[in-house]
Amino acid sequence: MQPTHSSRRILLPVRNWFIALTLFLALLLNLIPFGRLPGIPDWVALVLAFWCVHQPLKVGMAAGFALGLAMDVVDASVMGQHALAYVLLAFAAAGLSRRVLWFPLAQQALHVLPLFLGMQLVMLAARMLGGAEFPGVLWFLSSFTAALLWHPVTYLLLIPQFRPEDKDVHRPI
Amino acid sequence: MSVVGHAPPPFFKRGPAPLVRLAFFVSLSLTLLIADLRFHTLEWARLAVATIAWPLQRATWVPIDAAGDFQSSLLKENENLRRGKLGTANLLLRQQHLEQENKRLRALLDMRARQPVEGRIAEILYAARDPFSRRVIIDKGIQHGIRAGQAVVDDVGVIGQVARVFPLIAEVLLLTDKDQAIPVEVQRNGLRAVLAGAGAGMMELRFLAANAEVQVGDVLVTSGLDGVYLPGLPVARVVKVDRDSAYSFARITCAPLAGVERHGLALVLGERTALPPRPDDVLSTVEQPSRGKRVKKKARP
């Protein structure tokens, strides 16, 4: 596994506990009460999309569903709203995983941006059909910040998999 | 698990296909959505998850609390004074209304014993993250005797109503939420109406005839007809009256008087004793809303 498919760098295999830990930390970040401040990214969606792209065999729709239920409760929103959105996000991200890793990071961010926007549209549709008020266009800003964070998050989450830098002349990988 | 769009060779056993799993989880989510939106049957599950998540939530505030500890002792004293003021504000709020009422000699006609009010001071912890509704979280819950349906006021007027209670916290549905409706009367002339949230921090007086006697600047107070809010608590001020003859109803926009969208301290009023039961009539078969506050969305005029 490489950071991107065009990279010459080989990564160590991912550890399952690290995936679980990062998803849990993302959930904690989402619990910080920012109120209605626009542009705060949905950390769970970001990390979930990342693992669905990089490890589609390990993280998928079941994880999205469980995290979505947790978010629905702590968010005081309707049960199933985040669950539905995260399941669709996980499906789309996993579908993208074979393709998007061929691109450099900036273009990867452009690929995941529509996924985040689509996720927000799903939530919007679910709630507007239930008669809620429109939260305002600024609410969609959080998708853009999440896409901007794709680059740093990729490095952050892949740190444990990077091989040590010491070169072995006899084994030039 | 197999990757979406890339079916493994049949000799790899990787469980159901991605599309099957997608259909399963989506239908499960939709079931939850409908169960919660239409039938409100998932409160027990919400209570269980919220109780488990509470320590985590509390843990995430540690950095924020640490930042708040820098405030000086003067600020803390200020806070305590405000807290004390809030306890007595409740009585002051109703005084103005009582004066008006005396002026109109209504008290002579109907000397129903006014119910004593007690309240519990709560701190508004944060606004709920959900951008589709207007809710705040307060730091009192079931353990402090808070029940769903209680009215919440600050030192100026009504803020909203307790919508959900958890063991240590409670969710308050603000007046400006679209789902929230409150029976009010115009303080100037006693005209009764229903005030509903209109989103964007504003409210709307619904179902008043185009020639209703409402002026810009009128103060609306609770009428107490619902058995939830005490009569005479200030709610809102009329900011715009739009009498379009094309519609049978006037479009009356109001701004809340209390700091509905601000944070700080609030007072959760005790439950009112129930009003006497309605006499039986033809409408008695119509299901009454359980707490008399969630009014289903009606067609806009």
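Residues numbered from 1 in each chain as written. Chains lettered and ligands numbered in written order. Predicted model: local features only at pLDDT ≥ 70, side-chain atom pairs only at ≥ 80, totals over all residues.

Section: the overall build of chain B
The number of helices and strands found in chain B is five helices and 12 strands. Counting across all 301 residues of chain B, residues that qualify as buried make up 31%. (Helix = DSSP H or I, 4+ residues; strand = E, 2+ residues; numbered from the N terminus. Buried ≥ 20, exposed ≤ 12 C-beta atoms within 10 Å, placed from the backbone.)

A word on the overall build of chain A
In terms of regular secondary structure, chain A is built from seven helices and zero strands. Shown N-terminal to C-terminal, the secondary structure of chain A runs as helices and strands in the order α-α-α-α-α-α-α. For the C-alpha atoms alone, the extent of chain A along its principal axes is close to 65 × 30 × 25 Å. Considering chain A as a whole, with its 173 residues, one finds that 45% of them fall into the buried category. Counted over contacts in chain A with a minimum sequence separation of 6, partners at least 24 positions apart contribute 68%. (Contact = placed C-beta atoms within 7 Å.)

Side note on helix H4 (residues 81-100) of chain A
In this model, H4(A) (20 residues) spans 27 Å end to end at C-alpha, consistent with the 28 Å of a helix rising 1.5 Å per residue. Taking burial as the measure, the 20 residues of H4(A) include 18 buried ones, the bulk of the element. (Expected span 1.5 Å × (residues − 1).)

A look at the sheet that holds strand E5 (residues 170-174) of chain B
Residue and element names in this part refer to chain B. Taken in spatial order, the six strands close into a barrel running E1-E2-E5-E4-E3-E12, and their pairing is antiparallel. Each adjacent strand pair in this sheet contributes to an overall mean axis angle of 45°, direction not counted. Where strand E3 (residues 151-153) meets strand E12 (residues 265-269), two bridges bridge the pair, whose relative direction is antiparallel. When the bridges of E12 are listed, valine 153 appears paired with leucine 267. (Pairing = 2+ DSSP bridges. Axes fitted to C-alpha atoms, helices over the stretch in contact; angles between N-to-C directions.)

Examining the environment of B:Gln96
Position of B:Gln96 among the secondary structure elements: in helix H4 (residues 73-103). Taking the C-beta count within 10 Å as the criterion, B:Gln96 has 14 such neighbours and is therefore assigned partly exposed.

Describing the nonpolar core
Within the largest apolar cluster, 109 residues are counted, with the highest numbers of intra-cluster contacts made by A:Leu48, A:Ala49, A:Val87, A:Leu89, A:Ala90, B:Leu195 and B:Val235. Broken down by element, this core gets its largest block of residues, 14 residues, from H4(A). Domain assignment of the residues forming this core places at least three in each of domain 1 (19-56) and domain 2 (71-111 + 118-274 + 289-301) of chain B. Discounting chain neighbours no more than four positions away, the residues touching A:Ala90 are A:Leu48, A:Cys52, A:Gly60, A:Met61, A:Ala63 and A:Gly64. (Core = buried A, V, L, I, M, F, W, Y, C linked by C-beta atoms within 7 Å. Domains from an automatic or database assignment.)

A short note on the packing of helix H5 (residues 105-129) of chain A against helix H7 (residues 150-158) of chain A
Residues and elements named next belong to chain A. Relative orientation of the contacting elements H5 and H7 amounts to 110°, with a least axis distance of 9 Å. When the interaxial angle is binned, H5 and H7 end up roughly perpendicular. As for the relative orientation of H5 and H7, their crossing is right-handed in sense. Residue-level inspection shows Leu105, Ala106, Gln108, Ala109 and Val112 of H5 in contact with H7, the latter providing Trp150, His151 and Thr154. (Parallel < 35°, antiparallel > 145°, perpendicular 65-115°, else oblique. Left-handed = near helix turned anticlockwise from the far one by under 90°.)

Quick word on the environment of B:Leu98
Residue and element names in this part refer to chain B. If you trace the backbone, leucine 98 turns up in helix H4. Residue classification places leucine 98 among the partly exposed positions, given that 14 C-beta atoms sit within 10 Å. The spatial distance from the C-alpha of leucine 98 to the C-alpha of glycine 232 is 7.4 Å, given a sequence separation of 134 residues.

Some words on the environment of B:His144
All names here are of chain B. Positionally, histidine 144 belongs in the loop between strand E2 (135-138) and E3. Residue histidine 144 is classed as partly exposed on the basis of its 16 C-beta neighbours within 10 Å. In the structure, histidine 144 is positioned 24 residues away from leucine 168 in sequence and 7.6 Å away in space, judged by C-alpha atoms.

Quick look at unusual backbone geometry
All names here are of chain B. Non-glycine residue histidine 40 carries a positive phi angle of around 50°. Within the fold, histidine 40 resides in the loop between helix H1 (18-39) and helix H2 (43-60). Positioned with a positive phi, phenylalanine 207 is a non-glycine residue whose angle comes to about 60°. Note on placement: phenylalanine 207 falls in the loop between strand E8 (202-206) and strand E9 (219-222).

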